Amino acid sequence: MTFRTLKLAIAAGSLAAASLAAALPAAAQAPVVPKPEAVEVVTLPGVGSATVLTYKVRFVSADPATRRVVLETPAGKRWAVIAPPLVGDLTAFRNGQSLLIRKLPGVVTAIAKPAKNEPAEVLNEVVVNDGLPGLPEGFGLREVTIVAPVVGTDPAAGTVSFPGPDGYLRTLKAANGKVLSDLQTLQQGVNAKFTYVEGLAINAVQ
């Protein structure tokens with residue numbers, strides 16, 4: 001198995017946890033995501049259970065600089081995703097081309113108390129070149145560690161909500177019993193340090 005690790009520091013100095021909390025009303029507006037065609041639960045070694053969602057869409061446009069891809073469902077609704085490096089050259093996609101999107105919404109693998117003056121967010125993107133046990137082939141994965149305010153928790157569902165680095169609200173499941181126990185100690189509005197894994201695969205289909 002071959003791994004290529006890219007480490008990106010995003011707005012480390014200017015985007016402090018306090019400013020992230022102040023921007024929360026705007027950040028809490030999550031993008032509209034269509035209903036998936038299929039739902040599959042997989043087990044990731046060292047992570048735990050995760051859900052893979054499958055969508056059939058058409059390609060509308062892409063911005064190679066930001067890797068933001070605009071898609072359209074068969075019903076005509078549009079939504080956007082960030083394509084991981086494993087997807088390759090986005091200019092290879094054609095307008096109207098049929099695509100199969102497989103998305104791992106994300107699972108929280110660790111929760112910790114942030115250190116004093118710790119940077120607001122740090123992104124690590126791990127690209128898996130030849131597959132990862134438990135996931136379908138072709139997934140681009142990234143691990144994100146972020147200091148963010150707790151928007152809410154649901155211990156019964158095993159989920160915690162917080163704004164991600166793109167500003168959108170994420171409600172993610174705990175990957176294991178340790179994380180589930182930790183999220184029950186969180187207080188709404190208080191900053192916490194979250195580590196989570198999410199993934200995406202985009203493949204052209206006939």
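Residues numbered from 1 in each chain as written. Predicted model: local features only at pLDDT ≥ 70, side-chain atom pairs only at ≥ 80, totals over all residues. Heavy atoms only, no water.

A look at the overall build of the protein chain
Here's step 1: Within the protein chain, the secondary structure is distributed over three helices and twelve strands.
Here's step 2: Within the span of the protein chain, comprising 206 residues, buried residues form 40% of the whole.
Here's step 3: Residue pairs at least 24 apart in sequence account for 67% of intrachain contacts in the protein chain once pairs closer than 6 positions are excluded.
Here's step 4: Surface accessibility of the protein chain: about 10,700 Å² in total, with carbon and sulfur atoms responsible for 54%. (Helix = DSSP H or I, 4+ residues; strand = E, 2+ residues; numbered from the N terminus. Buried < 20%, exposed > 50% of the residue type's maximum accessible area, 1.4 Å probe, protein only. Contact = heavy atoms within 4.5 Å. Areas by Shrake-Rupley, 256 points an atom, 1.4 Å probe, with all protein chains shown as cover.)

Structural notes on the confidence of the model for the protein chain
Here's step 1: Model confidence for the protein chain is summarised by a mean pLDDT of 76, while 75% of its residues fall at 70 or above.
Here's step 2: Confidence drops under a pLDDT of 50 for residues 1–29, and excluding neighbours within four residues, the segment shows 51 contacts in the predicted structure. (pLDDT = per-residue confidence, 0-100.)

A word on the pattern of salt bridges
Here's step 1: According to the stated counting rule, one finds four salt bridges in the structure shown.
Here's step 2: The salt bridge partner of Glu198 is Arg170, with a shortest N-O separation of 3.4 Å. Of this pair, Glu198 sits in strand β12 (residues 191–204) while Arg170 sits in strand β11 (residues 169–174), and the two are 28 residues apart along the sequence.
Here's step 3: The partner of Asp182 in a salt bridge is Lys178, with the nearest N and O atoms 2.6 Å apart. In this pair, Asp182 and Lys178 are both assigned in helix α3 (residues 177–183), four residues apart and thus about one turn of the helix distant.
Here's step 4: On the basis of relative accessible area, Lys178 is assigned to the exposed category, the value being 54%. (Salt bridge = Lys/Arg side-chain N within 4 Å of Asp/Glu carboxyl O.)

Notes on the environment of Tyr196
Here's step 1: Mapping Tyr196 onto the fold places it in strand β12.
Here's step 2: For Tyr196, a relative accessible area of 0% gives the class buried.
Here's step 3: Along the backbone, Tyr196 and Ile146 are 50 residues apart, and their C-alpha atoms lie at a distance of 8.7 Å.
Here's step 4: At 3.2 Å, the side chain of Tyr196 forms a polar contact with the side chain of Arg170. (Polar contact = N/O pair within 3.5 Å; in protein donor to acceptor, adjacent residues only side chain to side chain.)

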